[in-house]
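Examining the three-dimensional arrangement
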Amino acid sequence: MGFVYFSKDCSRAAEQLKNNPRHKSYLEQVSLRQLEKLFSLLRGYLWGQSLAETMEQIQRETTIDPEEDLNKLDDKELAKRKSIMDELFEKNQKKKDDPNFVYDVEVEFPQDEQLQSCGWDTESADEF
């Protein structure tokens, strides 16, 4: 199957390439996300988009909007967002082998404003 077959779904094309026995040993160290970006670049080129347009589209597709309501996404889009968040977590995670790793960090957060109380935690236990 050619690239045109996968042109709308770059993640599927990347999975097919990565799992292909002929290419598996060469692509072991390449992340699936990186292959998806490569296929997105190729798709943009084949569709006549400029490099800047394609890069902007890839940036939109691979960035999490903190204001986006993830409850409204379908399963496929939600899985994609979770994958992006997992990758970002792994990238930013401090591991024991990191030179700046500090065990049991405690941070005091400044309280500029009065704390707001919530009604759910002020009720007594005997009301249940």
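Residues numbered from 1 in each chain as written. Predicted model: local features only at pLDDT ≥ 70, side-chain atom pairs only at ≥ 80, totals over all residues. Heavy atoms only, no water.

**Notes on the pattern of salt bridges**
What counts is decided by this rule: One speaks of a salt bridge when a side-chain nitrogen belonging to Lys or Arg is within 4 Å of a carboxyl oxygen belonging to Asp or Glu. Strands here are runs of E lasting at least two residues and helices are runs of H or I lasting at least four, both read from the DSSP assignment and numbered beginning at the N terminus. For every residue, the accessible area obtained with a 1.4 Å probe (protein chains only) is divided by the maximum for its type, and the residue is called buried under 20%, exposed over 50%, and partly exposed between those limits.
Inspection of the entire model under this criterion finds 6 salt bridges. Between Glu 36 and Arg 33 there is a salt bridge; the shortest N-O distance is 2.9 Å. Linking Glu 36 with Arg 33, this pair stays in helix H2 (residues 32–46), spanning 3 residues, or about one helical turn. Each member of the pair, Glu 36 together with Arg 33, is buried. Through salt bridges that share partners, Arg 33, Glu 36 and Glu 87 make up one connected network.

**Considering the nonpolar core**
Note the following rule: To form a nonpolar core, buried Ala, Val, Leu, Ile, Met, Phe, Trp, Tyr and Cys residues must be joined to one another through side-chain atoms within 4.5 Å.
If you look at the biggest cluster of nonpolar residues, it comprises 6 residues: Cys 10, Ala 13, Ala 14, Leu 27, Leu 35 and Phe 39. Of all the secondary structure elements, the ones that give two or more residues to this core are helix H1 (10–19) and H2. Sort the elements by how many residues they give to this core and H1 lands first, with 3 residues.

**Here's the deal with the confidence of the model for the protein chain**
To keep things clear, this is the line we draw: The score called pLDDT rates the predictor's confidence residue by residue, from a low of 0 to a high of 100.
Of all residues in the protein chain, 82% attain a pLDDT of 70 or more, and the chain-wide mean is 81. When mean pLDDT is compared element by element in the protein chain, helix H3 (residues 51–61) scores highest at 88, while H1 scores lowest at 84.

**Description of a nonpolar patch on the surface**
As a reminder of what qualifies: Residues with no salt bridge and a relative accessible area higher than 30% make up the patches, which join like charges within 9 Å and nonpolar side chains (Val, Leu, Ile, Met, Phe, Trp, Tyr) within 5 Å. The method behind every accessible area is Shrake-Rupley, applied with a 1.4 Å probe, and residues are considered shielded solely by the protein chains displayed.
Among the surface-exposed residues, Val 102, Val 105, Val 107 and Phe 109 lie close enough to one another that they form a single nonpolar patch of about 430 Å² accessible area. Locating Val 105 in the fold gives a position in the segment after helix H4 (75–92). On the accessibility criterion, Val 105 (54% relative accessible area) is exposed.

**A closer look at the packing of H1 against H2**
The following threshold applies: Axis definition: a line fit to C-alpha positions, over the contact stretch in the case of helices; interaxial angles, taken between N-to-C directions, run 0 to 180 degrees. Here roughly perpendicular refers to angles of 65 to 115 degrees, roughly parallel to angles under 35, roughly antiparallel to angles over 145, and oblique to all remaining angles. In this scheme the handedness of a crossing depends on how the near helix is turned from the far one: anticlockwise by less than a right angle means left-handed, clockwise means right-handed. Here a residue-residue contact requires only that any non-hydrogen atoms of the pair lie within 4.5 Å. Under this grouping Gly is polar, as are all residues other than the nonpolar Ala, Val, Leu, Ile, Met, Phe, Trp, Tyr, Cys and Pro and the charged Asp, Glu, Lys and Arg.
Between H1 and H2, the shortest axis-to-axis distance is 8 Å and the interhelical angle comes to 120°. With respect to their mutual orientation, H1 and H2 come out oblique. Helix-helix and strand crossings are classified by hand; for H1 and H2 the assignment is right-handed. Contacts between H1 and H2 involve Cys 10, Ser 11, Ala 13, Ala 14, Glu 15, Leu 17 and Lys 18 from the former and Leu 32, Leu 35, Glu 36, Phe 39, Ser 40 and Arg 43 from the latter. For the contact of H1 with H2, a count of residues per class yields 7 nonpolar, 2 polar and 4 charged.

**Overview of the packing of H2 against H3**
A packed helix pair is summarised by two numbers, namely the angle formed by the two axes and the spacing between the axes. One way to put it is that H2 packs onto H3 with a least axis distance of 9 Å and a crossing angle of 140°. As the angle between them shows, H2 and H3 are arranged oblique. Considering how the two elements wind past one another, H2 and H3 form a crossing that is right-handed. Within the contact between the two elements, H2 uses Lys 37, Ser 40, Leu 41, Arg 43 and Gly 44 and H3 uses Leu 51, Thr 54, Met 55, Gln 57, Ile 58 and Glu 61. Here the contact of H2 with H3 is built from residues that sort into 4 nonpolar, 4 polar and 3 charged.

**Let's talk about H2**
So the rule is basically this: Any helix carries an expected span of 1.5 Å times its number of residues minus one.
With 15 residues, H2 extends 21 Å from end C-alpha to end C-alpha; this agrees with the ideal 21 Å at 1.5 Å per step. Every buried residue belonging to H2 is among Arg 33, Leu 35, Glu 36, Phe 39, Ser 40, Arg 43 and Gly 44, and all of these are buried.

**Section: H3**
Our working definition: Here, the arc refers to the directions that run from the helix axis to the C-beta atoms.
For H3, the complete set of buried residues consists of Thr 54, Gln 57 and Ile 58. Looking straight down H3, one finds that the buried residues subtend no more than 100° of arc, so they occupy a single side. Exposed residues pointing more than 90 degrees away from the buried face of H3 are listed as Ala 52, Glu 56 and Arg 60. Buried-residue contacts for H3 involve H2.

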